[in-house]
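Spelled out, the chains give:
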Amino acid sequence: MLLSNGENGSIIEINHEYKGLELYQLSEISSIFLSEMRGWGPCSAGFYEVINLAESDLEDDFKSLSKIEFKEYVGNLKYAEYRCEEIYKRLEEIEKEAEELTK
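Residues numbered from 1 in each chain as written. Predicted model: local features only at pLDDT ≥ 70, side-chain atom pairs only at ≥ 80, totals over all residues. Heavy atoms only, no water.

**Observations regarding the pattern of salt bridges**
Counted under the stated rule, the structure contains six salt bridges. The closest approach of N and O atoms between E81 and K78, which form a salt bridge, is 3.4 Å. Of this pair, E81 and K78 both sit in helix α4 (residues 67–101), three residues apart, which is roughly one turn of that helix. Between E86 and K89 there is a salt bridge, with the nearest N and O atoms lying 3.7 Å from each other. Residue E86 and its partner K89 are located together in helix α4, separated by three residues, close to a single helical turn. Residue classification places K89 among the partly exposed positions, given a relative accessible area of 43%. Bridged by salt links that share partners, the residues E55, K78 and E81 form one connected network. (Salt bridge = Lys/Arg side-chain N within 4 Å of Asp/Glu carboxyl O. Helix = DSSP H or I, 4+ residues; strand = E, 2+ residues; numbered from the N terminus. Buried < 20%, exposed > 50% of the residue type's maximum accessible area, 1.4 Å probe, protein only.)

**A closer look at the pairing of strand β3 (residues 20–25)**
Bridging between strand β2 (residues 11–16) and β3 involves six bridges; their strand directions are antiparallel. Bridge pairing links N15 to L21 in β3. (Pairing = 2+ DSSP bridges.)

**A look at the confidence of the model for the protein chain**
Should the pLDDT be low somewhere, the predicted coordinates at that spot are not to be read in detail. The pLDDT averaged across the protein chain works out to 81; a share of 87% of its residues lies at or above 70. Mean pLDDT in the protein chain bottoms out at strand β1 (residues 2–3), which sits at 44, and peaks at helix α3 (residues 58–64), which reaches 90. Below pLDDT 50 for its whole length, residues 1–5 participates in 12 contacts with residues either more than four positions away or in separate chains. (pLDDT = per-residue confidence, 0-100. Contact = heavy atoms within 4.5 Å.)

**Describing α4**
A rise of 1.5 Å per residue sets the reference length of α4, with its 35 residues, at 51 Å; its end C-alpha atoms lie 50 Å apart and thus fit the reference within 8%. If you check which residues of α4 are buried, you get F70, L77, C84, E85, Y88, L91, E95 and A98. Residues of α4 that are buried make contact with α1 (29–38), α2 (46–56) and α3. (Expected span 1.5 Å × (residues − 1).)

Next up, the structure:
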């Protein structure tokens, strides 16, 4: 993720793995991130579905990974969920801070 040098620095450039480079307004980035995580309306997002699927496959993973690999995998899997929530909260704070700076 890169902050653009646009007129007022309020553009975020994101290089999506599948969509390529896209530009977003800084004032909208937390809601975009949230919809990517949780979906919108009746459409759920893939993020939590993938987390839940991975958690349901832990028994198979336990059998195929070493003890150390399994512990690292489970830790990273659980951490991803919490970390993304923290990123969302911080993006909201950044939006507010940027809004105050442009007043």
